[in-house]
There are 2 protein chains.
Amino acid sequence: MTDYKTPALTVDVVIFCLREQRLQTLLIKRGVEPYSGKWAIPGGYVRYGEDIDAAALRELGEETGVHNIYLEQLYTFGAPDRDPRGHTVTVTYFALIPDENITIEAGTDATDAAWHVLDELPDVAFDHKEIIGYAHERLRYKLEYTSAGFKLLPREFTLTELQTAYEIVLGEKLDKRNFRRRLLEADVLEKTGQYRSGGEGRPAMLYRYHAKADPQVKARRLYP
Amino acid sequence: MTDYKTPALTVDVVIFCLREQRLQTLLIKRGVEPYSGKWAIPGGYVRYGEDIDAAALRELGEETGVHNIYLEQLYTFGAPDRDPRGHTVTVTYFALIPDENITIEAGTDATDAAWHVLDELPDVAFDHKEIIGYAHERLRYKLEYTSAGFKLLPREFTLTELQTAYEIVLGEKLDKRNFRRRLLEADVLEKTGQYRSGGEGRPAMLYRYHAKADPQVKARRLYP
DNA sequence: ACAAAAGTGTTGAGAGTACACCCATGC
DNA sequence: GCATGGGTGTACTCTCAACACTTTTGT
């Protein structure tokens, strides 16, 4: 095998979370050049011998302390000038995490880590704005056409909470009766038998998703 | 910048073509170890400083002599043991090319290059069977839900030829009237004004697609 | 009893799907 | 004139989308 000089390889993970009724993403403040002081998507080098999915999970764990999380490969960006230090190809992922017991830990190369509302992003390093935009589009697509929205919620949730999640991501009001009918027909949820009380009004049934349920794209065939 | 040891980086291109009423893919016979003598997807190392899309186009051009072709990034495979020579991450693409004036040229590392019917593939090297399967799935999806099928045909074609292309890829008969109605409503084709005569029966109108037409996924929203 | 949120069915409109015959050309 | 493939319209069905009231709890 000839020893070609190859580009460096990184993974970057766009992490989405619903916090305070807004869609937010986790950014870290870079502590090293280039772009020192700018915000960036969490990520890092793929170690030799390490599976790329595992690398993404590792980076996600290092930055957020969460594990066993929904992670999906997004796209691979490989323009030679995207990193001023040298040609660096990055495999990007996007993650959906629920807003619960997350301890954000700034890594060694980061001076800070913080959530940012998606519509009010600061200037970000590298081509990360493009990557975030791409991930956001994919998220909207996923919620528009699949029942994957529960991945943004804790293990147990009410149907109204789920609908609210969809409304935040899609940016529009949904019809309660139609929403519930479609979702229950999709057969991905099951009742827990428990109710969430304590708030105002009638207590709501708590649901969870059963693991065997695979939220499929519900697309319309173009040709019969 | 610290100098991490990173995995090698390659691109691989799954090339689809309709030949002799079958869906076929181009494979090259490896002339070097490992897997010498086995068939593999065309591909090669990404050069330092080279854009990955450009690398895929270059590999495709070197193997088939075609340029200006429909190419789409598919997925990035990065299991550390997928190449016995060492950790090699590959960004895969899939290409649709029409069956016309293609001169297949075996590259330096290949002793041979040949088309293979997709349902009758030989043993292939590395994890290329998985990659081809993934690409095949994506192709079926694309034709099922979009009007991108014309990318498998020459610049000008008849509606029957297009319908046949869909039928071959999807593996089922389609209704002629519904097919034509949907396709014309999709507004991606235009009449050339020419007819294809010479065959038996009534001459058929030739169509081409207009470049501004972007074949969109026609999906059904899950929630109203 | 009143405020607040949960939960539940029906109907009209529009799209999807199935289906059969006439038309233009070559031999 | 006949064989071959090209081209066209309609009716039924089913899914989609809009819409309002009753129920349960806490105060």
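Given the structure is predicted, the values throughout are model-derived calculations rather than measurements.

**Digging into the sheet that holds strand E10 (residues 204-209) of chain A**
Residue and element names in this part refer to chain A. Read across the open sheet, the 3 strands follow the order E8-E10-E9; overall the sheet is antiparallel. Pairing within the sheet leaves two strands with one partner each, and these edge strands are strand E8 (157-158) and strand E9 (189-196). Direction of pairing for E9 relative to E10: antiparallel, over a ladder of 5 bridges. Across the sheet, the residue bridging to lysine 191 is tyrosine 207, located in E10.

**Points about the sheet that holds strand E10 (residues 204-209) of chain B**
Across the sheet, which stays open at both edges, the 3 strands sit in the order E8-E10-E9 (chain B) with antiparallel pairing between neighbours. The open sheet has two edge strands with one neighbour each: strand E8 (157-158) and strand E9 (189-196) of chain B.

**Brief notes about the domain arrangement of chain A**
Residues and elements named next belong to chain A. Domain assignment breaks chain A into domain 1 (8-144) and domain 2 (149-209). Contact with domain 1, which involves 16 residues of that partner, is made by 12 residues of domain 2. Between domain 1 and domain 2 lies a buried interface of about 1,200 Å² when both sides are counted; carbon and sulfur atoms form 77% of it. The tally of links between domain 1 and domain 2 comes to 0 salt bridges.

**So, the pattern of salt bridges**
Enumeration over the complete set of coordinates arrives at 28 salt bridges over all chains. We note a salt bridge from glutamate 62 of chain A to arginine 58 of chain A, for which the minimum N-O separation is 3.4 Å. You can see glutamate 62 of chain A and its partner arginine 58 of chain A sitting in helix H1 (residues 52-64), 4 residues apart, about one turn around the helix. A residue is classified by how much of its surface remains accessible, and arginine 58 of chain A, at 17% relative accessible area, is buried. The salt bridge involving arginine 85 of chain B is made with aspartate 83 of chain B; its shortest N-O contact spans 2.7 Å. It is possible to trace a salt-bridge network through shared partners that takes in Glu50, Arg58, Glu59 and Glu62 of chain A.

Definitions and limits used
- Residues numbered from 1 in each chain as written.
- Chains lettered and ligands numbered in written order.
- Predicted model: local features only at pLDDT ≥ 70, side-chain atom pairs only at ≥ 80, totals over all residues.
- Heavy atoms only, no water.
- Pairing = 2+ DSSP bridges.
- Helix = DSSP H or I, 4+ residues; strand = E, 2+ residues; numbered from the N terminus.
- Domains from an automatic or database assignment.
- Contact = heavy atoms within 4.5 Å.
- Buried area = accessible area lost by both parts, 1.4 Å probe.
- Salt bridge = Lys/Arg side-chain N within 4 Å of Asp/Glu carboxyl O.
- Buried < 20%, exposed > 50% of the residue type's maximum accessible area, 1.4 Å probe, protein only.

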